[in-house]
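This is what each chain is made of:
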Amino acid sequence: LRSYTVDSAGGGNDDGPRFPSHECVLQYLRRYAADNGIGPLVEFETEVIGVTKKGDGWTVETRHRGVTRSREYRSVVVCNGHFSVRRELVLEGSESFSGLWTHSRDYRRPDRFGGMRVAVVGTGSSGFDLAVEISTVAEEVYWCGRDHTLVRPFEGVRGLFTAPMPSSLVDDHLSIGDRSVAVDAVVCCTGFHYDTRFIDSTVVTGVDAPTPLYRHL
């Protein structure tokens with residue numbers, strides 16, 4: 001927040017990292033809550049299972065440690081993020097793939113891909129980051145996507161190749177363009193769906209671009 005910055009003006013550290021870790025963000029949120037008296041108002045370990053429109057306000061149904069209750073509110077702000085429900089890659093033959101099939105949501109470190117032939121599917125930011133990082137330990141990395149022709153050569157990066165979107169995965173061989181390459185792992189960097197299932201469908205609908213939402217948020 002502009003009125004509560006992450007540096008010393010907001011109680012933080014002027015020498016903190018340019019790109020803060022999750023621990024730094026957690027500390028920032030705790031400081032903000034403490035300094036603004038928000039802590040006592042927050043109810044933790046609570047799942048929102050229903051949001052419905054009622055007159056000029058809202059009915060919110062929650063579950064806390066097995067106990068369900070409904071309360072009325074004048075306004076509701078949904079801040080459940082956009083990086084939880086995976087958008088799965090649908091690929092012919094993938095159901096019989098004997099290698100590692102995973103999504104960027106579950107990626108933590110490149111170590112598990114050591115010596116493997118890996119296909120990273122998706123030419124967005126996560127695809128770029130994971131393709132480059134995995135290439136440091138893998139035998140080969142095929143970064144696949146619709147925009148692969150727009151990607152510049154990777155100077156100094158060993159064993160990283162760009163390729164079009166795969167069309168099938170048969171007998172552990174990935175069909176990419178006019179080639180078929182053997183792969184040991186597929187990493188899907190295919191994005192996420194919005195998760196608004198707890199909101200009444202007469203209020204918000206859609207999983208890729210829910211409407212009506214202010215700026216899709």
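Each residue is numbered by its place in its chain's sequence as written, counting from 1. Totals for whole chains, interfaces and linings use every residue, but because this is a predicted model, local features are given only for residues with pLDDT of at least 70 and side-chain atom pairs only at 80 or more, for both listing and counting. The side-chain numbers reported here are obtained from all heavy atoms of the structure, hydrogens and water having been left aside.

A short note on the overall build of the protein chain
Consideration 1: Runs of E in the DSSP output that reach at least two residues are strands. Runs of H or I that reach at least four are helices, and both are numbered from the N terminus. Per the secondary structure count, the protein chain includes two helices and 13 strands.
Consideration 2: Here the C-alpha atoms of the protein chain give a radius of gyration of 22 Å, more than 25% beyond the 17 Å that 2.2 N^0.38 yields for 217 residues.
Consideration 3: Seen along its three principal axes, the alpha-carbon backbone of the protein chain occupies a region of about 60 × 45 × 35 Å.
Consideration 4: Residue exposure (1.4 Å probe, protein chains only): buried if accessible area is under 20% of the type maximum, exposed if over 50%, otherwise partly exposed. Considering the protein chain as a whole, with its 217 residues, one finds that 30% of them fall into the buried category.
Consideration 5: Contacts are residue-level and defined by heavy atoms, with any inter-residue pair within 4.5 Å sufficient. Counting only contacts in the protein chain whose residues sit at least 6 apart along the sequence, the fraction spanning at least 24 positions is 42%. C-alpha atoms define the radius of gyration in this analysis, and the globule rule sets the expected value at 2.2 Å times the number of residues to the power 0.38.

Considering the pairing of strand S1 (residues 46-54)
Consideration 1: Pairs of strands are assigned from DSSP output, requiring at least two bridges between the strands. Direction of pairing for S1 relative to strand S2 (residues 57-64): antiparallel, over a ladder of eight bridges. Counterpart to Thr52 in the pairing with S2 is Thr59.
Consideration 2: As consecutive antiparallel partners, S1 and S2 are separated by two residues, and within that stretch Gly55 has a phi angle of approximately 60 degrees, a positive value.

Quick notes on helix H2 (residues 125-134)
Consideration 1: Gly127, Leu130, Ala131 and Ile134 are the residues of H2 that are buried. Axial view of H2: buried residues confined to an arc of 100 degrees, hence all on one face.
Consideration 2: Contact partners of the buried residues in H2: strand S6 (117-121), strand S7 (140-144), strand S8 (160-163) and strand S12 (185-188). This arc corresponds to the set of directions leading from the helix axis out to the C-beta atoms.

Describing the packing of aromatic side chains
Consideration 1: Stacked, edge-to-face and tilted labels apply to pairs of Phe, Tyr and Trp rings (six-membered ring for Trp) whose centres lie within 6.5 Å, assigned for plane angles under 30 degrees, over 60, and everything in between, in that order. What the rule picks out here adds up to six aromatic pairs.
Consideration 2: Throughout this description, the term charge over a ring refers to an Arg CZ or Lys NZ atom that lies within 6 Å of the ring centre and within 35 degrees of the ring normal. Over the aromatic face of Phe113 sits the side chain of Arg112, whose NZ or CZ is 5.9 Å from the ring centroid.

As for the sheet that holds S1
Consideration 1: Taken in spatial order, the three strands of this open sheet run S1-S2-S3, and their pairing is antiparallel. Since the sheet does not close on itself, it has two edges, and those belong to S1 and strand S3 (67-73), each with one partner. On average, each strand axis in the sheet is inclined to that of its neighbour by 20 degrees, with strand direction left out of account. Under this scheme, a helix contributes an axis fitted over its contacting stretch, all axes are lines through C-alpha atoms, and angles between N-to-C directions fall in the 0 to 180 degree range.

Examining the side chain of Ser104
Consideration 1: Among the secondary structure elements, Ser104 is positioned in the loop between strand S5 (100-103) and S6.
Consideration 2: The class for Ser104 is buried, based on a relative accessible area of 15%.
Consideration 3: Setting aside its immediate chain neighbours within four residues, Ser104 contacts Ser126, Leu130, Val187, Cys188, Cys189 and Phe192.

Comments concerning the side chain of Thr196
Consideration 1: When you line up the elements, Thr196 lands in the segment after strand S13 (192-193).
Consideration 2: Apart from the residues within four sequence positions on either side, Thr196 is in contact with Val204 and Gly206.

Points about a nonpolar patch on the surface
Consideration 1: Distance thresholds for patches are 9 Å for like charges and 5 Å for nonpolar side chains (Val, Leu, Ile, Met, Phe, Trp, Tyr), applied to residues having over 30% relative accessible area and no salt bridge. Residue-level accessible areas treat just the shown protein chains as cover; the underlying method is Shrake-Rupley with a 1.4 Å probe. Salt bridge criterion: a side-chain nitrogen from Lys or Arg within 4 Å of a carboxyl oxygen from Asp or Glu. Together, Tyr73, Val76 and Val78 give the surface a local cluster of nonpolar side chains, amounting to about 210 Å² of exposed area.
Consideration 2: Here Val78 shows up in the loop between S3 and strand S4 (85-86).
Consideration 3: Judged by relative accessible area, Val78 falls into the partly exposed class, the value being 33%.

Structural notes on the pattern of salt bridges
When the charged atoms of two side chains with opposite charge come close together, those side chains can pair.
Consideration 1: On inspection of all chains with the given rule, the structure shows nine salt bridges.
Consideration 2: Salt-bridge contacts for Asp106 lead to Arg86; the nearest nitrogen and oxygen are separated by 3.0 Å. Taken together, the positions of Asp106 in the loop between S5 and S6 and Arg86 in strand S4 put the pair 20 residues apart, joining distant regions of the chain.
Consideration 3: A relative accessible area of 30% places Asp106 in the partly exposed class.
Consideration 4: Take Arg86: its relative accessible area is 29%, and that puts it in the partly exposed class.

Re unusual backbone geometry
Consideration 1: One non-glycine residue, Asp171, adopts positive backbone phi at about 55 degrees.
Consideration 2: Counting through the fold element by element, Asp171 comes out in the loop between strand S9 (166-170) and strand S10 (173-176).
Consideration 3: The residue Asp172 is not glycine, and still its phi comes out positive at about 65 degrees.
Consideration 4: With respect to the helices and strands, Asp172 occurs in the loop between S9 and S10.

Let's talk about the state of the cysteines
Consideration 1: Any two cysteine sulfur atoms lying within 2.5 Å of each other are counted as a disulfide. Going through the model one piece at a time under the given rule, you end up with zero disulfides.
Consideration 2: Here Cys144 stays unpaired: no disulfide links it, and the sulfur of Cys188, its closest cysteine neighbor, is 10 Å away.
Consideration 3: Residue Cys189 stays outside any disulfide, its sulfur separated by 7.7 Å from that of Cys188, the closest cysteine.
Consideration 4: With a relative accessible area of 8%, Cys189 lands in the buried category.

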